[in-house]
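Remarks on the overall topology
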Amino acid sequence: MTVTGPKGFRAAGVAAGIKASGALDFTLVVNDGPLDVAAGVFTRNVIKAAPVLWSQEVLKQQKLKAVVLNSGGANAATGPGGFQDTHATAEKVAEVLGAGAIEVAVCSTGLIGERLPMPAVLSGVDSAVKALDTSPEAALNAATGVMTTDSKPKQAFAQHESGWSVGGFAKGAGMLAPNLATMLSVLTTDAVADKETLDRALRAATHITFDRLDVDGGTSTNDTVLVLASGASGVEPTEAELTELLTKVSHDLVLQLRADSEGATKDVDVTVKGAASEDDAIVVARTIAEDNLVKTALFGSDPNWGRIAMALGRAPARIDPETVSIAINGVTLFAGGTTAEDRSAADLSGRGIDVVVYLGVGSDEATIYTTDLSHAYVEENSAYSS
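Residues numbered from 1 in each chain as written. Predicted model: local features only at pLDDT ≥ 70, side-chain atom pairs only at ≥ 80, totals over all residues. Heavy atoms only, no water.

By the naming in an unreviewed UniProt entry, the protein is Arginine biosynthesis bifunctional protein ArgJ, taken from Amycolatopsis halotolerans. You can read under Subunit (unreviewed entry) in the UniProt record for the protein the words "Heterotetramer of two alpha and two beta chains." (UniProt positions renumbered as here; feature names shortened; annotations may be inferred.)

The following block contains the structure:
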């Protein structure tokens, strides 16, 4: 049970013919209510895909009947025609469901700069509506239909002891440095929630989950995270409870996205503690996470703390070299401005790597979830248009 785990939701994933391979490439998620409350966060990239512009507009009313998603084409940098294609897709879904186009969010992912094959997209709507179901198989197909370079679908589900739940799926394997969202993700909940509460809960959850995933420093033109609330459980959780469960499911999805990211051989947590502010902690951790020299050292299982020191030292944050320490997998290798332990004491042979930097100038902290930089990443991203 994932996106259809919470009561009041149906989903489908079908092969509409957008992908030449014939793989699943079209997904539909429908909220059957009784509530139709929704919230969303989107990419901070100023070059936004047509579906992002459309969905940002319809989310102003914070209510959605459905979300339609396609893989095989991003519909980004496609001009007025691309926006018309997005509008036509929403209108088609609305027509078949007996709703209004303003109640339908649209998401796309794939190659930037090319128009979608609209006959396939529109026929995909009819096929997806016929396939709508609440079954785990339908949820799996929905999660599969949004995949591009992903090797496997990503799904998550969590239930509160009082009976309401949160489910969802996400896709993304490259161009992952979301700055508020990550590629495409749809979350569902059967909790009773008003618009303001749902919006705050989503933003609080994404702030410490999706927004902290940084695989390669590339912020997509299409990043979108949506949450739909049906209210079908009849239970109204507190805002703290709603935020906690949304965070739990989002964190689960983030770790799945990282594990399946292009070419990754290491799962790396970069945690910065003792920062003067949360913003400082984030910028230092992100600078380390995005540094190619750090990432290649980690690929080689080399605890080269000097590269980490170099990266953090160029971050625009308050840093005192005399109070900084660097630990890798539990071994403090640098402290007080000099070597603290021989680097060979840190074992990086496994997949998981924890980098902990203590700045010693405050009490704030943050963690960025990243990976190494491998031969496979370079090969995959140089071999085809992505």
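On we go from here.
Looking only at helix α8 (residues 292–299), the buried set comprises Val294, Lys295, Ala297 and Leu298. Along α8, the residues classed as buried sweep out an arc of 160° about the axis, all on the same side. Looking at the buried positions of α8, the neighbouring elements they touch are β10 (267–275), α7 (278–290), α9 (305–313), β14 (352–358) and β15 (364–371). Two to three positions downstream of the cap, the backbone nitrogen of Leu293 sits 2.9 Å from a side-chain oxygen, assigning the N-cap of α8 to Asp291. Downstream of α8 by a residue or two, Ser301 has a phi angle that is positive, lying close to 55°. (Buried < 20%, exposed > 50% of the residue type's maximum accessible area, 1.4 Å probe, protein only. Helix = DSSP H or I, 4+ residues; strand = E, 2+ residues; numbered from the N terminus. Arc of directions from axis to C-beta. Contact = heavy atoms within 4.5 Å. Polar contact = N/O pair within 3.5 Å; in protein donor to acceptor, adjacent residues only side chain to side chain.)

The end-to-end C-alpha separation of helix α3 (residues 118–131) is 20 Å, in line with the 20 Å expected for 14 residues at 1.5 Å each. By the burial criterion, the buried members of α3 are Met118, Ala120, Val121, Gly124, Val125 and Ala128. Structurally, α3 contributes buried residues whose contacts are with β1 (9–14), β2 (26–31) and α2 (79–97). (Expected span 1.5 Å × (residues − 1).)

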